[in-house]
Amino acid sequence: QVQLVESGGGLVQAGGSLRLSCAASGRTFSSYYMGWFRQAPGKEREFVAAITRSGGGTLYADSVKGRFTISRDNAKNTVYLEMNSLKPEDTAIYYCAAKLESIYNPSEYDYWGQGTQVTVSS
């Protein structure tokens, strides 16, 4: 089992940047594929980005491709989401998640954090 805690959210102007972090508990972090999701008010949760266990493979939603970068540091049990050129439509609660199955397998994620709020003002 793994526990996830996100941090780094906040208020930023359009065009600005934020870096989210997700710290995982446990000694098996490197066994998990990791993802970032977001949920805006009144909308369903949507996929943002995912990364393989080694960090060598990544996936992105079209809406963030070229602006967001997912990375991980297995020595620090942490996954990151670097967000640049932020837009008001990026405003949402951002969640990190973990699963044992590959990110290339459309399976559900097993573990979720509590989320961190990102607000982008115009």
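Along each chain, numbering runs from 1 in the same order as the chain's sequence is written. A pLDDT threshold of at least 70 governs which residues receive local features in this predicted model, and a stricter bar of 80 or more applies before side-chain atom pairs are shown or counted, although totals over entire chains, interfaces and linings include all residues. Only heavy atoms go into the side-chain values, all of them from the structure, while hydrogens and water stay out.

## Quick notes on the pattern of salt bridges
In what follows, salt bridge is the name for a side-chain nitrogen of Lys or Arg lying within 4 Å of a carboxyl oxygen of Asp or Glu. With the rule as written, the count across this model stands at five salt bridges. Glu82 serves as the salt-bridge partner of Arg19, at 3.8 Å between the closest nitrogen and oxygen. With Arg19 in strand β3 (residues 18–24) and Glu82 in strand β8 (residues 78–83), this pair connects stretches of sequence that are 63 residues apart. The buried label goes to any residue with under 20% of its type's maximum accessible area, the exposed label to any with over 50%, and the partly exposed label to all in between, with areas taken from a 1.4 Å probe on protein chains only. Here Arg19 falls in the partly exposed class, since its relative accessible area comes to 45%. On the basis of relative accessibility, which here comes to 28%, the residue Glu82 falls in the partly exposed class. Under the scheme used here, helices are H or I runs from DSSP no shorter than 4 residues and strands are E runs no shorter than 2 residues, and both carry numbers assigned from the N terminus.

## Focus on unusual backbone geometry
Of note, Asn77 is a non-glycine position whose phi angle comes to about 55 degrees, a positive value. Turning to its location among the elements, Asn77 is positioned in the loop between β7 (68–73) and β8. The class for Asn77 is buried, based on a relative accessible area of 18%. One non-glycine residue, Ser85, lies in the positive phi region at around 50 degrees. By relative accessible area, Ser85 is classed as partly exposed at 41%.

## Concerning the sheet that holds β8
In space, the four strands of this open sheet follow the order β1-β3-β8-β7, with antiparallel pairing throughout. With partners counted over all chains shown, the strands left at the sheet margins are β1 (4–7) and β7, one partner each. Taking the axes of each pair of neighbouring strands and ignoring which way they run, one obtains an average angle of 15 degrees across the sheet. Whether two strands pair depends on DSSP finding at least two bridges between them. The pairing of β7 with β8 spans six bridges and is classified as antiparallel. The residue bridging Ile70 from the neighbouring strand is Leu81, located in β8. For helices, the fitted line uses only the C-alpha atoms of the stretch in contact; every axis is such a line through C-alpha atoms, and the angle between N-to-C directions lies from 0 to 180 degrees.

## Looking at the side chain of Thr78
Relative to the elements of secondary structure, Thr78 occurs in strand β8. We define a polar contact as two N or O atoms separated by no more than 3.5 Å, with the added condition that, inside protein, one atom must be a possible hydrogen donor and the other a possible acceptor, whereas residues neighbouring each other in sequence contribute only through side-chain atom pairs. Here the side chain of Thr78 touches Lys76 through a polar contact of 2.8 Å, landing on its backbone oxygen. When neighbours within four sequence positions are excluded, Thr78 is seen to be in contact with Ser21, Cys22, Ala23, Phe29, Arg72 and Asp73. Should any heavy atoms of two residues lie within 4.5 Å, those residues are considered in contact.

## Digging into the nonpolar core
We call a set of buried Ala, Val, Leu, Ile, Met, Phe, Trp, Tyr and Cys residues a nonpolar core when their side-chain atoms join them within 4.5 Å. Membership of the largest hydrophobic core comes to 30 residues, with the highest contact counts inside it found for Met34, Trp36, Leu81, Met83 and Tyr94. Core analysis: the next-biggest nonpolar cluster, separate from the first, contains six residues, Tyr33, Phe37, Ala50 and Ala97 among them.

## Some details on the packing of aromatic side chains
Only rings of Phe, Tyr and Trp enter the pairing, Trp through its six-membered ring, and a pair is recorded when the two centres are within 6.5 Å. The plane angle decides the type: under 30 degrees is stacked, over 60 is edge-to-face, the rest tilted. Evaluation of the coordinates by the stated rule reveals five aromatic pairs. Three or more aromatic residues link up through ring pairs in this structure, and these residues are Phe37, Phe47, Tyr109 and Trp112. Over the face of the ring belonging to Tyr80 we find Arg19, whose NZ or CZ atom lies 4.0 Å from the ring centre. Sitting over the ring of Trp112, Arg45 keeps its end group 3.7 Å from the ring centre. Put simply, a charge is over a ring when the Lys NZ or the Arg CZ is close to the ring centre, within 6 Å, and near the line of the ring normal, within 35 degrees.

The quantities given are spatial measurements derived from coordinates; they are silent on function.
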